[in-house]
Amino acid sequence: MTTAPNPAPTSATMRAHCHCGAFCFESTSAPILQLVCHCTQCREVSGRPFSNFSFFKVRDTQTSGAHRSVAFTADSGSKTVREVCVACGDMLIDRTEGFPKVVGVVHEAISPQPLFNPVHHVWAESRLPETALPDGVTVYPRGAV
Ligand SMILES: [Zn+2]
Ligand SMILES: [Zn+2]
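Residues numbered from 1 in each chain as written. Chains lettered and ligands numbered in written order. Predicted model: local features only at pLDDT ≥ 70, side-chain atom pairs only at ≥ 80, totals over all residues.

A. Quick peek at the pairing of strand β9 (residues 102-106). Of all 5 residues in β9, 5 are buried; the element is thus mostly enclosed. Here β9 shows two buried faces, one formed by V102, G104 and V106 and the other by V103 and V105. In the sheet, strand β8 (residues 91-96) pairs with β9 via 2 bridges, with the strands oriented antiparallel. Looking across to β9, one finds that D94 is bridged to G104. Adjacent in sequence and paired antiparallel, β8 and β9 are bridged by 5 residues. (Buried ≥ 20, exposed ≤ 12 C-beta atoms within 10 Å, placed from the backbone. Helix = DSSP H or I, 4+ residues; strand = E, 2+ residues; numbered from the N terminus. Pairing = 2+ DSSP bridges.)

Written as structure tokens, this is what we have:
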């Protein structure tokens, strides 16, 4: 019995783009972590009550298209950047200094859409009063770093 010397390249390339399609993201591997972020900064940038993120290995990813970085220092002291499209203002990417090897992508923007089964909820203390936390998840009052 023979085995192939190299594993076949996976066709699991995942793509994401902003609302207007100008700012794009691509990953050759599946997400390694998913979380829901309830922080006020995400809310301001995205206009949503909370943000669903899938995190990918940075080395497997690339972005293209004009974007603008919205940087801030979280209460934890960690620097964080949200990358938004210059054309439509849609938030697509989250990069956190504390996790330099992963990049977060707004989950709803990804296609094909991977399953979303977040085990972490971060910045729970900043969540809106009407946002309920599900059972069986790890809740961080603040950031995970
Ligand atoms: Zn756009
Ligand atoms: Zn956030």
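B. Spatial organisation of the sheet that holds strand β6 (residues 67-73). The strand order β6-β7-β8-β9-β4-β3-β11-β12 describes an open sheet built from 8 strands, whose pairing is mixed. Looking at strand neighbours, the two that pair on one side only are β6 and β12 (138-139), the edges of this open sheet. Judged from the 5 bridges that link them, strand β7 (residues 79-85) and β8 form a sheet pairing that is antiparallel. Its bridge partner lying in β8, T80 is registered against T96.

C. Inspection of unusual backbone geometry at higher detail. Looking along the chain, the bond that leaves S111 and enters P112 is cis, with omega of -5°. Its place among the elements puts P112 in the loop between β10 (110-111) and β11 (120-122). Of note in this structure, W123 is not a glycine but carries a positive phi near 60°. Mapping W123 onto the fold places it in the loop between β11 and β12.

D. Structural detail: the sheet that holds strand β2 (residues 24-27). Taken in spatial order, the 4 strands of this open sheet run β5-β2-β1-β10, and their pairing is antiparallel. Two strands in the sheet have a free side with no partner beyond their single neighbour: β5 (61-64) and β10. Two strands pair when backbone bridges link them, and strand β1 (residues 14-17) and β2 are joined in this way by 4 bridges, in the antiparallel orientation. Residue R15 lies in a different strand from β2, and its bridge partner there is E26.

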